[in-house]
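Observations on the model geometry
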Amino acid sequence: MTAYAIARLMPTGQPHDEVLDYIERIQATMDPYEGRFLVHGTAHEVMEGDWPGSVVVIGFPSLDAARAWYDSDAYRALIPLRTRHIPGDIILVRGTGPDYDPHATAAALRASRDGTP
């Protein structure tokens, strides 16, 4: 099932040369895991709440692939190039499948809350 690496990054001004190196080299670290950028370097529109910074979304064929990419020696070597200059938060999350039914999720949550099977 598709999975995503999602980052909210807090750039602090003009990009440092190390950040530019990171951007130039990251795709090569994702290729063995079939990762691809879905959102990168684009403006976002805040509809509710507060969302400072920028958003990056990378798609992978599975959560195992996303985790393997993040834990890979190739990517681990790049991480400091970004983190020395841009603080942020990163999560890995499994996507929903084509058969996902939000009604079933609501029913399960309701049953759990109400203590019914």
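Residues numbered from 1 in each chain as written. Predicted model: local features only at pLDDT ≥ 70, side-chain atom pairs only at ≥ 80, totals over all residues. Heavy atoms only, no water.

**Here's the deal with the pairing of strand 3 (residues 54-60)**
- Of all seven residues in strand 3, six are buried; the element is thus mostly enclosed.
- In this sheet, strand 3 lies alongside strand 1 (residues 3-9) in antiparallel orientation, the contact comprising seven bridges. The residue bridging Ala3 from the neighbouring strand is Phe60, located in strand 3.
- With three bridges joining them, strand 2 (residues 36-39) and strand 3 adopt antiparallel strand pairing. What sits directly across from Phe37, in strand 3, is Ile58. (Buried < 20%, exposed > 50% of the residue type's maximum accessible area, 1.4 Å probe, protein only. Helix = DSSP H or I, 4+ residues; strand = E, 2+ residues; numbered from the N terminus. Pairing = 2+ DSSP bridges.)

**With respect to the packing of aromatic side chains**
- Taken as a whole, this structure holds five aromatic pairs when the rule is applied.
- Taking 6.0 Å as the distance between ring centres and 75° as the angle between the ring planes, the aromatic pair formed by Trp69 and Tyr70 counts as edge-to-face.
- A relative accessible area of 22% means that Tyr70 is categorised as partly exposed.
- Three or more aromatic residues joined by ring pairs make a cluster, and in this case those are Tyr22, Phe60, Trp69, Tyr70 and Tyr75.
- The ring of Trp51 has Arg8 sitting right over it, with the charged end atom 5.6 Å from the ring centre. (Phe/Tyr/Trp six-rings, centres within 6.5 Å; stacked < 30°, edge-to-face > 60°. Lys NZ or Arg CZ within 6 Å of the ring centre and 35° of its normal.)

Spatial relationships are all this shows, so hold off on functional conclusions.
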